[in-house]
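# Examination of the molecular architecture
Each chain, written out:
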Amino acid sequence: MHQHKTTPESPIGIFDSGVGGLTVVRAIQSILPSERIIYFGDTARVPYGSKSQVTIRKYAQDDTSILMRYQPKMIIVACNTVSALALDVVRKTSGSIPVIGVLEAGAELAAGMTAIKRIGVIGTQATVCSNAYACAINDLDPDIEVYSKACPLFVPLAEEGFVDHPAAQLIAGEYLADFDERHIDTLVLGCTHYPILRRMIENTVGPGIAIIDSAEAVARRAKETLLERSLLNPSTATETPHLLVSDLPQKFSTLYRLFMGADMPDVELTDI
């Protein structure tokens, strides 16, 4: 296990199975504009959400090791599937630096938000089957009822940019109808792609349901952690994120623009 000295100038490392974690990059940039960000998207092996736990745990170790080369002061697991099934692997691989997963951050925000103690969670097959959101929420408050629903088609819809396409609305109606009789007051977007579809999801579940974006939740948690450890970057310059990917799909620049609302900076192709 290699230790390194972290300073406030050290970067924040963020990884995800693909491009979805860019919603986390965007959320971090919005509240911590002077932080250096190293982002690794495992675009060659995406998706993780349909794979076995053994495979997901191996990928989590690989992804963390790639970021550790940059001596980060913190690692953010922007992948809900890895947060659900392999956070311990990330912690073991990264040594003493803080590791924050989108899942706990989202669970914590949701548990504090629900008034009637009824929460819905949507995510990938692996995240939902792991029951990790329900466990994390019930660790905070055992009285909360958690209803989870896998929405596997939301990821390809988000990546096609079908944010208000009739086909996407049909699928959303199909998936989210389950929550109608559950009488939830809070819905967790348990996959980093889902904020792209947020408006459509909100329209489908109707008003009065608080939407928890785990990307925003994890960014807030990152800020608190860096403050506590006196590791906030004092610089006032705004940094462009450094992007690493394991494969450069043709659609990457389009996806970057969709997720970040900006043109893509240089991207580095890295071997796993």
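Everything quoted here is computed from the prediction, not taken from an experiment.

### Details of the packing of aromatic side chains
Tallied over the full model, the rule gives three aromatic pairs. Here the aromatic rings of Tyr48 and Tyr59 are separated by 5.0 Å at their centres, their planes lie at 50°, and the arrangement is tilted. Pair noted here: Tyr48 is in the loop between strand 2 (37–41) and helix 2 (53–68) and Tyr59 is in helix 2, with a separation of 11 residues, a long-range link. Residue classification places Tyr59 among the buried positions, given a relative accessible area of 12%. Between the aromatic rings of Phe154 and Tyr175, the centroid separation amounts to 5.2 Å while the plane-to-plane angle is 75°, which identifies the pairing as edge-to-face. Of this pair, Phe154 sits in helix 8 (residues 154–159) while Tyr175 is found in helix 9 (residues 166–176), placing the two residues 21 residues apart along the sequence. For the residue pair Phe154 and Tyr175, the accessibility class agrees, reading buried in each case. One aromatic cluster in this structure is built from Phe154, Tyr175 and Tyr194. Across the ring face of Tyr59, the terminal group of Arg45 is positioned such that the distance to the ring centre comes to 3.8 Å.

### Things to note about the packing of helix 9 against helix 10 (residues 198–205)
At a closest axis distance of 10 Å, the pairing of helix 9 and helix 10 adopts a crossing angle of 50°. Classified by the angle between their axes, helix 9 and helix 10 sit oblique to one another. Both helix 9 and helix 10 take part in a crossing whose hand is right-handed. Here helix 9 contributes Ala168, Gln169, Ala172, Gly173 and Leu176 to the contact with helix 10, which in turn contributes Met200, Ile201, Thr204 and Val205. For the contact of helix 9 with helix 10, the per-class residue count stands at six nonpolar, three polar and no charged.

### Quick word on the pattern of salt bridges
Once their charged atoms are close, side chains differing in charge can pair, the charge on each being opposite to the other. Tallied over the full model, the rule gives 14 salt bridges. Note that Arg221 is salt-bridged to Glu108, the shortest N-O span being 2.2 Å. Of this pair, Arg221 sits in helix 11 (residues 214–228) while Glu108 sits in helix 5 (residues 102–113); the two residues are 113 residues apart in sequence, bridging distant segments of the chain. Note that Asp141 is salt-bridged to Lys117, the shortest N-O span being 2.5 Å. Of this pair, Asp141 sits in the loop between helix 7 (132–140) and strand 6 (145–150) while Lys117 sits in the loop between helix 5 and strand 5 (118–123), and the two are 24 residues apart along the sequence. Relative accessible area serves as the criterion here: at 15%, Asp141 is assigned to the buried category.

Quick notes on the rules
- Residues numbered from 1 in each chain as written.
- Predicted model: local features only at pLDDT ≥ 70, side-chain atom pairs only at ≥ 80, totals over all residues.
- Heavy atoms only, no water.
- Phe/Tyr/Trp six-rings, centres within 6.5 Å; stacked < 30°, edge-to-face > 60°.
- Helix = DSSP H or I, 4+ residues; strand = E, 2+ residues; numbered from the N terminus.
- Buried < 20%, exposed > 50% of the residue type's maximum accessible area, 1.4 Å probe, protein only.
- Lys NZ or Arg CZ within 6 Å of the ring centre and 35° of its normal.
- Axes fitted to C-alpha atoms, helices over the stretch in contact; angles between N-to-C directions.
- Parallel < 35°, antiparallel > 145°, perpendicular 65-115°, else oblique.
- Left-handed = near helix turned anticlockwise from the far one by under 90°.
- Contact = heavy atoms within 4.5 Å.
- Nonpolar A, V, L, I, M, F, W, Y, C, P; charged D, E, K, R; others polar.
- Salt bridge = Lys/Arg side-chain N within 4 Å of Asp/Glu carboxyl O.

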